[in-house]
Amino acid sequence: MKFLVTGAAGFIGFHVTKRLCEQGHDVVGIDNLNDYYDVNLKLARLAELEQFTDSKATSSNGCPIYKARPYRTRRDGYIIYQ
């Protein structure tokens, strides 16, 4: 399955993203890295997710976007928004 997870560096988003990657799903995780709480903690979580990445991109405003495993051509998918 394909998933887009927003808030991938937050507590829930990180754990959801990690679990989906461990299960072998195609995952794109994004986060705006706001300062609601410690940004360094969020960066540490994203660093942990890097083990699953095939590529790493940066959005136009400098926020990291992590894409784990390339998308297949299937048309099904889910968005997990927090």
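Please read all numbers here as calculations on a predicted model, not as lab measurements.

**Q** Honestly, the nonpolar core in this entry has me stumped. Any pointers?
**A** For soluble globular proteins, the rule of thumb is that nonpolar side chains tend to be buried together. Ranked by size, the top nonpolar core spans 11 residues in total: Phe3, Val5, Ala9, Phe14, Leu20, Cys21, Val27, Leu33, Leu46, Leu49 and Phe52. Of all the secondary-structure elements, those providing two or more residues to this core are β1 (2–6), α1 (11–22) and α2 (39–49). In terms of residue count, α1 provides more of this core than any other element does, three residues in total.

**Q** For this particular structure, what's the right way to read the packing of α1 against α2?
**A** A pair of packed helices can be characterised by two numbers: the angle between their axes and the separation between those axes. Running from amino to carboxyl end, α1 crosses α2 at an angle of 5 degrees, the nearest separation of the two axes being 11 Å. Between α1 and α2, the crossing angle belongs to the class labelled roughly parallel. Here Phe11, Phe14, Thr17 and Lys18 of α1 lie close against α2, whose contacting residues are Arg45, Glu48 and Leu49. Residues that form the contact of α1 with α2 fall into these classes: three nonpolar, one polar and three charged.

**Q** What is the right way to look at the confidence of the model for the chain in this model?
**A** Caution applies to low-pLDDT regions: their predicted coordinates should not be interpreted in detail. Averaged over all residues, the pLDDT of the chain equals 77, while 71% of them reach at least 70. Mean pLDDT across the secondary structure elements of the chain bottoms out at strand β3 (residues 55–58), with 52, and peaks at α1, with 91. With pLDDT under 50 throughout, residues 69–73 is counted as low confidence; its partners more than four residues away or in other chains account for 17 contacts.

Analysis parameters
- Residues numbered from 1 in each chain as written.
- Predicted model: local features only at pLDDT ≥ 70, side-chain atom pairs only at ≥ 80, totals over all residues.
- Heavy atoms only, no water.
- Core = buried A, V, L, I, M, F, W, Y, C linked by side-chain atoms within 4.5 Å.
- Buried < 20%, exposed > 50% of the residue type's maximum accessible area, 1.4 Å probe, protein only.
- Helix = DSSP H or I, 4+ residues; strand = E, 2+ residues; numbered from the N terminus.
- Axes fitted to C-alpha atoms, helices over the stretch in contact; angles between N-to-C directions.
- Parallel < 35°, antiparallel > 145°, perpendicular 65-115°, else oblique.
- Contact = heavy atoms within 4.5 Å.
- Nonpolar A, V, L, I, M, F, W, Y, C, P; charged D, E, K, R; others polar.
- pLDDT = per-residue confidence, 0-100.

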